[in-house]
Amino acid sequence: EADIYQTPRYLVIGTGKKITLECSQTMGHDKMYWYQQDPGMELHLIHYSYGVNSTEKGDLSSESTVSRIRTEHFPLTLESARPSHTSQYLCASSEEQGDWLDSPLHFGNGTRLTVT
Amino acid sequence: AQSVTQLDSHVSVSEGTPVLLRCNYSSSYSPSLFWYVQHPNKGLQLLLKYTSAATLVKGINGFEAEFKKSETSFHLTKPSAHMSDAAEYFCVVRGRDDKIIFGKGTRLHILP
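Since this is a predicted model, take the numbers as computed values, not measurements.

K.L.:
Even after reading the chapter, I still don't get the sheet that holds strand β7 (residues 65–66) of chain A, so can you show me in this structure?
P.N.:
By way of backbone hydrogen bonds, the strands of a sheet pair with one another, either parallel or antiparallel. Residue and element names in this part refer to chain A. Spatially, β1-β3-β8-β7 is the arrangement adopted by the 4 strands of the open sheet, whose pairing is antiparallel. Only two strands of the sheet have a single neighbouring strand rather than two, namely β1 (4–7) and β7. As paired strands, β1 and strand β3 (residues 19–25) are joined by 4 bridges and run antiparallel to one another. If you follow isoleucine 4 over to β3, its bridge partner there is glutamine 25.

Now the structure itself:
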């Protein structure tokens, strides 16, 4: 089973609210990622991190922000939620050291966000 | 640069019959290739990975995939489909530039 945890699993929130999606992993992985996925659709990388104090924007432009203060924790924040942010958000991690090329991504179960 | 193409957006098979999910890739150098499965309202679970060792890779739940460099393919197969196999399947390529590219997914339907 996954050693990467996302909370909440489901979130319904009104427009304009600030929200933080939590992601934690217990594997000591340096690399962490946030993906956005609409129902039945492909995954889009929105943020990634190579370690503490490292954050980068992904391929899909997003109004969200991330932080990486601790290795195990990679939260995603939306300062003002809008209906266009309605989606599923998936967090993942992978090894950085050694044979990183062979290292798969480990995914959490996702947060399904609905903004009304 | 690399890319990955899943040739079918939907595949339907009857329970007990073979499954074939097709994936083609392109890469400037030898990539690592992965197949993931996603059940409804869940994250992605690793089925198997190819990492330049054996070209025939066995994964979980009876799935396997064969890396064919000449055809730039990494098709996923299973001899006998089970109802619990109904899910979305993603083919993924990871290159030496550390880019991780996901295919658009193939939804597998299992008919009773």
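K.L.:
Help me understand the interface of chain A and chain B, please; the structure alone is not making it clear to me.
P.N.:
Interface size is commonly expressed as the accessible surface area that is lost when the partners come together. Listed by partner, the interface residues are 26 residues for chain A and 24 residues for chain B. Surface buried jointly by chain A and chain B totals about 2,000 Å² across both partners, of which 48% is contributed by carbon and sulfur atoms. Here chain A is connected to chain B by 1 salt bridge. Between aspartate 59 of chain A and lysine 99 of chain B there is a salt bridge, with the nearest N and O atoms lying 3.6 Å from each other.

K.L.:
I keep staring at the pairing of strand β6 (residues 44–50) of chain B and nothing clicks. Help me out?
P.N.:
For a regular strand, the rule is simple: side chains alternate between the two faces of the sheet. Residues and elements named next belong to chain B. Direction of pairing for strand β5 (residues 32–38) relative to β6: antiparallel, over a ladder of 6 bridges. Looking at the pairing, leucine 33 lines up with tyrosine 50 of β6. The turn joining β5 and β6, which pair antiparallel and follow one another in sequence, is formed by 5 residues; a positive phi near 60° is taken by asparagine 41.

K.L.:
Help me out: how do you make sense of the pairing of strand β8 (residues 64–68) of chain B in this one?
P.N.:
All names here are of chain B. Here β8 shows a buried face lined by Ala65 and Phe67 and an unburied face lined by Glu64, Glu66 and Lys68. Summarising the sheet, strand β7 (residues 56–58) and β8 pair through 3 bridges and their orientation is antiparallel. Considered in β8, the bridge of leucine 56 is made with glutamate 66. Hairpin connection between β7 and β8: a loop of 5 residues separates the two successive antiparallel strands, and asparagine 61 in this loop has a positive phi of roughly 60°. Hairpin connection, β8 to strand β9 (residues 73–78): the antiparallel pair is bridged by 4 residues, and threonine 72 has positive phi, about 45°.

Conventions used here
Residues numbered from 1 in each chain as written. Chains lettered and ligands numbered in written order. Predicted model: local features only at pLDDT ≥ 70, side-chain atom pairs only at ≥ 80, totals over all residues. Heavy atoms only, no water. Pairing = 2+ DSSP bridges. Helix = DSSP H or I, 4+ residues; strand = E, 2+ residues; numbered from the N terminus. Contact = heavy atoms within 4.5 Å. Buried area = accessible area lost by both parts, 1.4 Å probe. Salt bridge = Lys/Arg side-chain N within 4 Å of Asp/Glu carboxyl O. Buried < 20%, exposed > 50% of the residue type's maximum accessible area, 1.4 Å probe, protein only.

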